[in-house]
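Overview (structure and organization)
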Amino acid sequence: MCRALPAGACRTRTFRLHWRLRQEVCASITAKSDQACARLLFLWYKSGSSLVPERHLRDARELSLNSDDILRLASLLRAARRTVVFTGAGMSTESGLPDFRSDGGLWKQSRRFEELASVEALTSDYPSFVEFYRFRIRMLHSVRPNTGHELLADWQRRGLVHTIITQNVDGLHEEAGSRDVLNLHGTLRRIRCQRCDSDMPASAFLEEQGTRCGRCGGPMRPKVVLFGEALDAQVLEAAMGAARQADLFLVLGSSLQVSPANALPRLAVEHAGASLAIVNREPTPLASLSSVELRAAIGPSLAALDRLLTRGLAEAPPAL
Ligand SMILES: [Zn+2]
């Protein structure tokens, strides 16, 4: 009997649920899958339904199939002295922000992301540039940090995570409470003058006069790294320094396709001897270098890890 069962659970319903789990989640609901089972049982009893929603089955399937990897990753996190976390677009999409690169790279069905988020647009098509970034800055008003952001901030406070490097520009790590985040691609939360570099909060960009610098009249732009610009040398150097000192490099929600996203994990593994762990829905080119690869959503994976880290690894998973 699964230990996750609520007290007094109806044996008939329990049997039906376990039967469905065996059919739908995987052929072997074993002792390893208690995380998925507990969550599913809770949701099922709460709903009072005999049918388990498909999205919960999908989560349970991911977690149960990957539970060996989750246990291994929990052990790595426990043992590491310096864990460096690297986050990509997948981290933000779980908060509801679109990933313009993977969503066909289009905005308004006609303009490519690379075309608008560029020095070229800033200098030769400023109205479109402004419209695109006003849209993106406004979008930040409606999103909040997700479970993954919050757990990382908590792990940082508990000393389980030392450095967070991100490709995202939404500032959600800081909003969740993380400190000293290395924003490789800059931030959408502030704007600066292209001519004299004076800066201010991004909310000014949404106002009629906010696109012109109050000091010199130059065009204002978000403090993000545009296509055609180099990364901030200081931030990149700090990220490389962190990678060189890591003994665990944890990638969350990045396909590791673009530089330096693909270079930093290599630096950590090949020059520092770090273990590499990847949580990403899609396969990545660095899978062969990794000790753990979870093809799963970040929030449920980190929540499962957090339960393991909190209750202690010594406790054996319960048998069904
Ligand atoms: Zn200026």
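In case you missed it, the structure is sitting above this.
Description of the overall build of the protein chain
A tally of helices and strands in the protein chain yields 13 helices and eleven strands. Across the 320 residues that make up the protein chain, the buried fraction comes to 38%. A sequence separation of at least 24 residues applies to 66% of the contacts in the protein chain between residues at least 6 apart.

Side note on the sheet that holds strand 8 (residues 220-224)
Pairing is antiparallel in the open sheet, where three strands are placed in the order 7-6-8. Of all the strands in the sheet, just strand 7 (199-201) and strand 8 have a single pairing partner and so form its edges. This sheet shows a mean twist of 40° between the axes of neighbouring strands, independent of strand direction. Two elements, strand 6 (residues 186-193) and strand 8, share five bridges in a ladder whose sense is antiparallel.

Re the sheet that holds strand 10 (residues 275-279)
Taken together, the six strands give an open sheet; going across it, the order is 5-4-1-9-10-11, and neighbouring strands pair in parallel fashion. This sheet does not close on itself; its edge strands, each paired only once, are strand 5 (181-183) and strand 11 (292-294). Averaged over all pairs of adjacent strands, the angle between strand axes in this sheet comes to 15°, irrespective of strand direction. By the bridge criterion, three bridges tie strand 10 to strand 11 in an arrangement that is parallel. Bridged to A277 within strand 11 is V292. Sheet contacts for helix 4 (residues 67-79): strand 1 (83-87), strand 9 (248-252), strand 10 and strand 11; angle to strand 11, the most-contacted strand, approximately 130°. With respect to the sheet, helix 11 (residues 233-245) is in contact with strand 1, strand 4 (163-166), strand 5 and strand 9, its orientation differing from that of strand 5 by roughly 130°.

Considerations on the environment of E293
Structurally, the position occupied by E293 is in strand 11. Through-space distance from the C-alpha of E293 to that of L250 is 9.9 Å; in sequence the pair is 43 residues apart. Those residues in contact with E293 that lie beyond four places of it in its chain are I278 and A287.

Things to note about the nonpolar core
Grouped together as the largest cluster of nonpolar side chains are 49 residues, with contacts concentrated most on V84, I165, L248 and F249. Residue contacts for V84: discarding those within four places in its chain leaves H162, T163, I165, A242, A243, A246, F249 and A268. One finds V169, I191, A202 and M220 within the second-largest nonpolar core, a separate group that totals 16 residues.

Topic: unusual backbone geometry
If you check the backbone angles, D197 has positive phi at about 75° while not being a glycine. Phi at L256 is positive, roughly 55°, even though this residue is not glycine. Inspection of the secondary structure puts L256 in the loop between strand 9 and helix 12 (263-272).

Cut-off values and rules
The numbers attached to residues start from 1 for each chain and follow its sequence in the written order. Per-residue local features of the predicted model are confined to residues with pLDDT of at least 70, and side-chain atom pairs are confined, for both listing and counting, to 80 or more; whole-chain, interface and lining totals are unaffected and use all residues. Strands are runs of DSSP state E lasting at least two residues, helices are runs of H or I lasting at least four, and both sets are numbered from the N terminus onward. The exposure scheme places C-beta atoms from the backbone and then counts, for each residue, the other C-beta atoms within 10 Å of its own, assigning buried at 20 or more, exposed at 12 or fewer, and partly exposed in between. Residue pairs are scored as contacts if the distance between their C-beta atoms, which are placed from the backbone, is within 7 Å. In short, DSSP must find at least two bridges between two strands for them to pair. Angles here are taken between N-to-C directions and fall from 0 to 180 degrees, while the axes themselves are lines fitted to C-alpha atoms, restricted in helices to the stretch in contact. Buried Ala, Val, Leu, Ile, Met, Phe, Trp, Tyr and Cys residues form a nonpolar core when they are connected through C-beta atoms within 7 Å.

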